[in-house]
Structures are given as structure tokens and as C-alpha cells.
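One-letter residues, chain by chain:
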Amino acid sequence: MLKVDLHCHSNVSDGVLTPAAVARHARQAGVDAWALTDHDEVGGIAAARAAAAGLGMKFVAGVEISITWSGETVHIVGLNIDENDAALVRGLAATREGRDARGREIGEQLAKAGIPGAYEGALEFVDNPALMSRTHFARYLVQQGYCANTPEVFRKYLSEGKPGYVPHRWASLEEAVGWISGAGGVAVIAHPGRYRFSQLQQGVLFDQFKELGGTAIEVVTGSHTPDQYPVYAQLANAYGFLASRGTDFHAPGEARVDFAALPPLPASVTPVWHDWF
Ligand code: AMP
Ligand code: MN
Ligand code: MN
Ligand code: MN
């Protein structure tokens, strides 16, 4: 069976390895087909594609778009996109806008909570301030000894209701699905089990997504707990969605699950890649 991983981050967004190093890491873990899906940015795709080709690994161009839906941040993965599509590139640039300003505000909030210099500290962890993410703050706070690991930083400081949380308005569901479809890609709801929606809200999200042209959801992802795999497999079939699989890899040692440990998709679902490889 092909080992497929369609959700990974490089240092082009909030991962720590270069696109080529992520490719090598995936290949070493036995991945046969791979997508790089950096947050709101396709700048790593060319290097990722070349690295995958050199390693004999099939490659899918991807992106993970941040959206705001019903007041919550949701992530929509685009797979098999033309990363040079003009409307997609424009849309992603617009989505990135405001990350730096939000970062400064997060820094101010953390200073009030007794953690000075966090914006400057987080800057040390990111190549491009336009891609400043909460993950970069988390790494800084861990480095400075405020918390033991990044999940703890999110729990204590960076999630909604916590001192370093700054609300932000991302793209809309309609925009994200439209940019992805317009670029010839397939839109996928990333880690649906991670959002804090009621079943009713989740159903509305799935219905709207489908109506807009979305065709897949992630079922097996490092951002789900194993008990969520069968739940989302069943939901994929109930809604007629294809199923995707990916580690959501960011950094060695920081992963909730590493490449080798993630199980395959349940046999009951149709993989999003069924007619690609
Ligand atoms: P941002 O796009 O700046 O809001 O940052 C979101 C990123 O933070 C996600 O892509 C994850 O990489 C990371 N993240 C979110 N929640 C958690 C968590 N509970 N533990 C660790 N990382 C998280
Ligand atoms: Mn991330
Ligand atoms: Mn995500
Ligand atoms: Mn991700």
C-alpha cells in the first residue's frame, strides 16, 4: 500500500526544517507520496517538488489556508493546486497580511502577563515576519523556560481566553474554497476534530463547505486523537466526502505523531488521492 502524507509544514511557515529536509524526513519514514502544505504560503513548493523528485517520491502541491468561520479559526487544505495561479497567490498574500500586526499585539498582551520581549523573541524563530505564527511565540516561551513544551504554551497563553490570545479575522470559507478550486485543486477541511463546534455547527460547516465545492476532509491526522479516526471516517462517508491523511508535521520532536507512527486510512473511506497515483 502506498504511504501517503498530505499535510506537512516547513520553515516557510511554522515548521523548522527546509522543504527539502522535510522531504528527506518523510522519505526516510517510508512516505511514497507527499504534500507540503505550509500555512497561507506556497513559497516552498518549488523546492519541495524538486526534492521529492530527487528522492523518487510522488509530490502534491498544497497549502493550508486560515479562515474564520462562525467566529472560530478553521484550516482548509488545498491539494493538487497550481501554486502559480494568480488569484490564489493574491488571496494568500491578503490572508498573510495582518500576521505581523497580530504578532506585535500578542507580544504586548504577553508583556502584560509578565513575559516581556516575546515579539522580538518570536522574531528569532521566523524567517519572514509576514508569516509570524503563534507557534513561533510558543517556541520562544519554551526556550525561555516559561513552559515545558508548545502544547503547554498554547494551553496557558495562546488559546482563546488566555492572556496572549489576540482574535484575528482570516479569509472566509467561500474565499478559501474558491481560491483552491480556481487553482485546479481539491479543498479539504483540515483536522475537523480539533474545532470546538457543536455537532450541529459542524454539520453546518460540512454542508456549506460541500455547497461551495469542497470535496474532502482529513480523517487520519496527527491533529486527531486515534478515537477520532473512525468518527471522521464515518462522517466522510455520510457526507460523501473523500478522506485525507497527513501527519501535520512541524518539527522533529515537536510532533504529536511522527511519520512512521500514523496509521493508514480506514478501509471504509475513499482516499482523496484515489485517482492521483
Ligand atoms: P496561527 O496560525 O498563528 O494562529 O497559529 C496556529 C498554529 O499553531 C497551528 O498551525 C499549529 O501549528 C499551532 N497550534 C495550534 N494549537 C496548538 C496546540 N494546542 N499545541 C501545539 N500547537 C498548536
Ligand atoms: Mn502550524
Ligand atoms: Mn492546521
Ligand atoms: Mn497544519
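What you are looking at is a predicted structure, and each value in this text was computed from that prediction instead of being measured.

J.: Would you take a moment to explain the coordination of the manganese ion (ligand 2) for this structure?
T.: Put simply, a metal with four donors set out as a tetrahedron has ideal angles of 109.5 degrees, and one with six donors set out as an octahedron has ideal angles of 90 or 180 degrees. Ligation of the manganese ion (ligand 2) by protein atoms is provided by Asp14 (OD), His39 (NE2) and His250 (NE2), these donors lying 2.2 Å from the ion. Between consecutive donor residues of the manganese ion (ligand 2), the sequence gaps follow D-x24-H-x210-H. If you look at the manganese ion (ligand 2) and the manganese ion (ligand 3), they sit 5.5 Å from each other. Of this pair, Asp14 sits in the loop between strand 1 (4-5) and helix 1 (19-28) while His39 sits in the loop between strand 2 (33-36) and helix 2 (45-54); the two residues are 25 residues apart in sequence, bridging distant segments of the chain.

J.: Is there a simple way to explain the UniProt feature "domain: Polymerase/histidinol phosphatase N-terminal" (unreviewed entry) in the protein chain in this structure?
T.: In the UniProt entry, the feature "domain: Polymerase/histidinol phosphatase N-terminal" (unreviewed entry) is given for residues 4-69. Taken as a whole, residues 4-69 contains 30% helix and 27% strand, while its terminal C-alpha atoms sit 29 Å from one another.

J.: Help me out: how do you make sense of the packing of aromatic side chains in this one?
T.: Aromatic ring pairs are described here by two measures, namely the spacing of the ring centres and the angle between the planes. In this structure the tally under the stated criterion is eight aromatic pairs. Both rings, one in Phe206 and one in Phe241, keep their centres 5.7 Å apart while their planes meet at 80°; by these two values the pair is edge-to-face. Here the residue Phe206 occupies a position in helix 9 (residues 199-211), and Phe241 occupies one in the loop between helix 10 (228-239) and strand 7 (242-246), the gap between them amounting to 35 residues. Neither residue differs from the other here; Phe206 and Phe241 are each classed as buried.

J.: It is not clear to me how the pairing of strand 3 (residues 58-69) should be interpreted in this structure. Could you clarify?
T.: Consecutive residues of a regular strand have side chains that alternate between opposite faces of the sheet. Taking burial as the measure, the 12 residues of strand 3 include 11 buried ones, the bulk of the element. The pairing of strand 2 with strand 3 spans four bridges and is classified as parallel. If you follow Trp34 over to strand 3, its bridge partner there is Phe59. Examined bridge by bridge, strand 3 and strand 4 (residues 72-79) share eight bridges and lie antiparallel to one another. Within strand 4, the residue paired with Val63 across the bridge is Gly78. Here strand 3 folds back onto strand 4, and the loop between the two strands holds two residues, one of which, Ser70, carries a positive phi near 50°.

J.: Whenever I open this one, the pairing of strand 7 confuses me. Can you help?
T.: Among the five residues in strand 7, four count as buried, and that is most of the element. Two elements, strand 6 (residues 216-221) and strand 7, share five bridges in a ladder whose sense is parallel. From the neighbouring strand, Glu218 faces strand 7, where its bridge partner is Ser244. Between the parallel elements strand 6 and strand 7, the chain passes through helix 10 in a crossover that is right-handed.

J.: How do you make sense of the confidence of the model for the protein chain when you look at a structure like this?
T.: Low pLDDT means the predicted atomic positions in that stretch should not be read closely. With 100% of its residues at a pLDDT of 70 or more, the protein chain shows a mean pLDDT of 96. The weakest mean pLDDT in the protein chain belongs to helix 7 (residues 150-158) at 96; the strongest belongs to strand 5 (residues 186-189) at 99.

J.: Which parts of the structure should I look at to understand the layout of surface pockets?
T.: A water-sized probe rolled over the atoms picks out the places where empty space is left. The calculated volume of the largest pocket comes to roughly 1,200 Å³. Taken together, 39 residues make up the lining of the largest pocket; nearest its centre are Arg134, Phe154, Ser159, Arg194 and Arg256. Of all the elements in the fold, those that place two or more residues in the lining of the largest pocket are strand 3, strand 4, helix 4 (99-112), helix 6 (134-143) and helix 7. Across the lining of the largest pocket, the residue classes tally to nine nonpolar, 16 polar and 14 charged. Two domains each provide a minimum of three residues to the lining of the largest pocket, namely domain 1 (4-96 + 169-246) and domain 2 (99-158).

J.: Help me understand helix 6, please; the structure alone is not making it clear to me.
T.: Every α-helix carries 3.6 residues per turn, so stepping three or four residues along brings you back to the same face. Burial analysis of helix 6 places seven of its 10 residues in the buried class, which makes it a mostly covered element. Where helix 6 is concerned, the buried positions are Thr135, His136, Phe137, Ala138, Arg139, Tyr140 and Leu141. Its side-chain oxygen at 2.9 Å from the backbone nitrogen of Thr135, Ser133 defines the N-terminal cap of helix 6. With its phi angle positive at about 85°, Gly145 sits one or two positions after the end of helix 6.

J.: Can you walk me through the pattern of salt bridges in this structure?
T.: Between side chains of opposite charge, pairing is possible as soon as their charged atoms come close. By the definition in use, this model includes nine salt bridges. Between Asp40 and Arg99 there is a salt bridge, with the nearest N and O atoms lying 3.0 Å from each other. One end of the pair, Asp40, is in the loop between strand 2 and helix 2; the other, Arg99, is in helix 4, and 59 residues separate them in sequence. Taking the shortest distance from any N to any O, the salt bridge between Arg196 and Glu160 comes out at 2.8 Å. Here Arg196 is found in the loop between strand 5 and helix 9, whereas its partner Glu160 is found in the loop between helix 7 and helix 8 (173-182), with 36 residues between them in sequence. Glu160 sits in the partly exposed class, given a relative accessible area of 42%. Taken together, the shared-partner salt bridges connect Glu72, Glu160 and Arg196 into one network.

The rules behind the values
- Each residue is numbered by its place in its chain's sequence as written, counting from 1.
- Labels follow written order: the first chain is A, the first ligand is 1, and so on.
- Residues qualify for local features only when their pLDDT is at least 70, as the model is predicted, and side-chain atom pairs are given and counted only at 80 or more; totals for whole chains, interfaces and linings, by contrast, use all residues.
- Only hydrogens and water are set aside; all other atoms, that is, all heavy atoms of the structure, feed into the side-chain values.
- Each metal site is built from N, O and S donor atoms within 2.8 Å (3.2 Å for Na, K and Ca), and since water is not included, such sites may look incomplete.
- Here a helix means four or more residues in a row that DSSP labels H or I, a strand means two or more in a row labelled E, and each is numbered from the N terminus.
- UniProt positions are given in the numbering used here, feature names are shortened, and annotations may be inferred rather than shown by experiment.
- Any Phe, Tyr or Trp ring, taking Trp's six-membered ring, that has another such ring centre within 6.5 Å forms a pair; planes under 30 degrees apart are called stacked, those over 60 apart edge-to-face, and the others tilted.
- The rule is simple: take the accessible area with a 1.4 Å probe, protein chains only, and divide by the maximum for that residue type; under 20% is buried, over 50% is exposed, in between is partly exposed.
- Two strands pair under a simple rule: DSSP has to find at least two bridges between them.
- Throughout, right-handed denotes a crossover for which the path from the first strand over the helix to the second runs clockwise when the strands point away from the viewer.
- Summary of the metric used: pLDDT quantifies the predictor's per-residue confidence within the range 0 to 100.
- Using a grid of 1 Å spacing that covers the protein atoms alone, one calls a set of points a cavity when a 1.4 Å probe fits there but cannot get out, and a pocket when the set is open and has protein on both sides within 12 Å along at least five of seven lines; lining residues are those with an atom within 4 Å of a point.
- Grid points are joined across faces, edges and corners, and a volume is the space filled by probe spheres set on the points.
- By the convention adopted, Pro, Cys, Tyr, Trp, Phe, Met, Ile, Leu, Val and Ala count as nonpolar, Lys, Arg, Asp and Glu as charged, and the other residues, Gly among them, as polar.
- Per the annotation, domain bounds derive from an automatic or database assignment of domains.
- For the purposes of these results, a polar contact is taken to be a pair of N or O atoms within 3.5 Å, where, inside protein, one atom must be able to donate a hydrogen and its partner to accept one; residues adjacent in sequence count only when each atom of the pair is a side-chain atom.
- When a carboxyl oxygen of Asp or Glu is within 4 Å of a side-chain nitrogen of Lys or Arg, the pair counts as a salt bridge.

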